[in-house]
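Chain by chain, the residues:
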Amino acid sequence: MKNLNRWVYAIVGVIVLLMAGIFYGWSMMSKSIGASRPDWTAAQLSLTFTLAVACFCIAGLIAGILSKKISPRVFVILAGIFMMAGFLIASATKASPAMLYIGFGILCVLVSGFAYNSTMSTISSWFPDRQGLISGILLMGFGLSSFFIGKIFAAVTPSDGSDSWCVTFRVIGIVVFVVMILCSFFVVKPGEDFQPPASEKKRNVREPASDINTGRMIRIPSFWMIYIWAIMVSAAGLALVGQASGIATQVGPTMSDGVIATVVGMVSVLNAIGRVIYGWIFDKRGYRLTMLMDICFFFLAALILVLALRSNSFILIVVGFIVGGFAFGGVTPIQSAIISDFYGRTYYSVNFPVIVTNLLIGSFTSTISGRLYDMSQSYMSTIFMIFGVTVVALVAFLFIRRPKPAEK
């Protein structure tokens with residue numbers, strides 16, 4: 001499988017991440033699940049997403065540590081097997097959300113994190129000359145997952161109070177298993193003698209500033225500024241993704257499930273588009289412009305959504321989701337590219353999941369926003385929270401510096 005054009009591996013990588021990112025479709029899934037379990041609170045439902053993001057981060061770190069001992073193909077196969085098992089377990093949920101937490105919130109997403117990290121690390125190694133672009137393209141698949149799953153889920157699983165979502169979960173599990181097994185044959189690393197095409201190699205912007213392991217990386221102060229920035233922008237994006245369906249429904253309570261799914265899906269579509277654009281800009285202009293752009297778009301999205309809730313304008317909700325989705329699209333490719341650019345490629349498989357653990361903290365915004373809604377019966381507090389964390393991200397950004405030769 002190592003004699004194919006490298007873009008074939010990129011396409012397969014997008015498909016794997018499309019499957020691995022299924023948990024981002026939670027906003028639409030939760031609507032049907034919540035309707036069938038009216039005695040569950042918004043905070044209880046939101047905890048599922050918080051658990052999912054936390055397990056995703058832990059899995060990525062474990063996969064990075066074990067990457068020297070276990071091939072990426074094995075990680076993808078395991079993801080297919082256990083994601084199917086997770087969806088089947090979650091579909092058996094009855095009165096208590098415990099089975100949903102274990103099956104979907106923990107098992108499904110834990111192994112999807114294995115597939116995510118191993119695929120990102122493996123496929124990126126085919127594109128040493130285009131780290132920003134390939135990160136954006138791969139993560140586009142991850143971002144689009146929410147849109148496709150959300151639309152399909154809403155189409156076949158109405159929020160009518162029935163348990164039809166259980167059947168949908170079983171079907172999703174089987175489909176994911178089949179796709180992951182087929183794709184696993186193409187998740188392979190290039191040979192040691194691999195060189196990118198000469199005509200493309202000339203487009204390389206610059207070599208990494210350093211090539212250091214995780215222990216040395218975490219002793220550099222600027223890394224922690226990146227980490228704080230990542231926590232804050234991830235928190236803003238996850239709050240939007242986790243509560244998008246509720247925000248749209250608050251402004252458009254008479255809108256059908258299909259319309260809500262489409263509007264919520266705009267977050268995912270622009271998220272996916274943004275990942276490619278931010279990755280491309282990072283390659284061309286570096287980290288400063290891309291990170292500052294991302295912060296500005298989060299501010300703009302929050303402002304638009306505040307106006308939408310105050311004026312009860314569904315059109316502004318759509319615009320806010322478009323801008324917010326584009327802002328969230330910048331988070332992961334910037335993280336991926338900046339770790340490679342600042343700290344090198346040799347230890348990338350471990351360094352990258354370390355920065356991704358920011359989601360462990362950022363994910364709590366979904367549960368917090370759910371609890372705030374239970375208290376206020378309005379999602380305005382979620383929007384104000386997005387404002388607040390974005391301010392902190394801006395402050396952290398001001399202290400980020402690319403490593404100097406002395407830090408190598």
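Residues numbered from 1 in each chain as written. Predicted model: local features only at pLDDT ≥ 70, side-chain atom pairs only at ≥ 80, totals over all residues. Heavy atoms only, no water.

Describing the overall build of the protein
If you tally the helices and strands in the protein, you get 18 helices and zero strands. The principal-axis extent of the C-alpha atoms belonging to the protein is close to 60 × 45 × 35 Å. Among the 408 residues that make up the protein, the fraction classed as buried is 59%. A sequence separation of at least 24 residues applies to 85% of the contacts in the protein between residues at least 6 apart. Working note: accessible area of the protein is about 15500 Å², and carbon and sulfur atoms make up 71% of it. Counting 29 positive and 15 negative side-chain charges, the protein places the averaged centre of each group 5 Å from the other. (Helix = DSSP H or I, 4+ residues; strand = E, 2+ residues; numbered from the N terminus. Buried < 20%, exposed > 50% of the residue type's maximum accessible area, 1.4 Å probe, protein only. Contact = heavy atoms within 4.5 Å. Areas by Shrake-Rupley, 256 points an atom, 1.4 Å probe, with all protein chains shown as cover. Lys, Arg positive; Asp, Glu negative; His and termini not counted. Charge placed at Lys NZ, Arg CZ, Asp CG, Glu CD.)

Some points on the confidence of the model for the protein
Confidence in the prediction for the protein averages 85 pLDDT; 96% of positions are at 70 or higher. The least confident element of the protein, judged by mean pLDDT, is helix α8 (residues 198–201) at 54; the most confident is helix α12 (residues 287–311) at 95. (pLDDT = per-residue confidence, 0-100.)

Thoughts on the pattern of salt bridges
Across all of its chains, the model carries two salt bridges by this definition. For R37, the salt bridge identified is with D163, shortest N-O distance 2.7 Å. Linking R37 in the loop between α2 (26–36) and α3 (42–66) with D163 in the loop between α6 (131–156) and α7 (164–184), this pair joins segments that are 126 residues apart in sequence. Under the relative-accessibility criterion, D163 is labelled partly exposed at 37%. Of the charged contacts in the structure, one is a salt bridge between D341 and R402, with a shortest N-O distance of 2.9 Å. You can see D341 sitting in helix α14 (residues 331–343) and its partner R402 sitting in the segment after α18 (380–397), a full 61 residues away along the chain. For D341, a relative accessible area of 9% corresponds to the buried category. (Salt bridge = Lys/Arg side-chain N within 4 Å of Asp/Glu carboxyl O.)

Describing α6
The end-to-end C-alpha distance of α6, which contains 26 residues, comes to 38 Å, matching closely the 38 Å that a straight helix rising 1.5 Å per residue would cover. If you look at α6, its biggest bend is around 30°, right at L144. Across the 26 residues of α6, 20 count as buried, placing the element largely inside the fold. (Expected span 1.5 Å × (residues − 1). Bend = angle between axes of the 7 residues up to and from the residue.)

Here we look at a nonpolar patch on the surface
Residues V391, V395, L398 and F399 make up a contiguous nonpolar surface patch of roughly 380 Å² in combined accessible area. With respect to the element layout, F399 can be found in the segment after α18. (Patch = residues over 30% accessible without salt bridge, like charges linked within 9 Å, V, L, I, M, F, W, Y side chains within 5 Å.)

Remarks on the side chain of T93
Inspection of the secondary structure assignment puts T93 in the loop between α4 (72–90) and α5 (98–124). Since its relative accessible area comes to 1%, T93 is described here as buried. A distance of 3.1 Å separates the side chain of T93 from the backbone nitrogen of L100, its partner in a polar contact. Non-local contacts of T93, meaning those with residues more than four positions away in its chain, are made with R37, W40, M99, L100 and W165. (Polar contact = N/O pair within 3.5 Å; in protein donor to acceptor, adjacent residues only side chain to side chain.)

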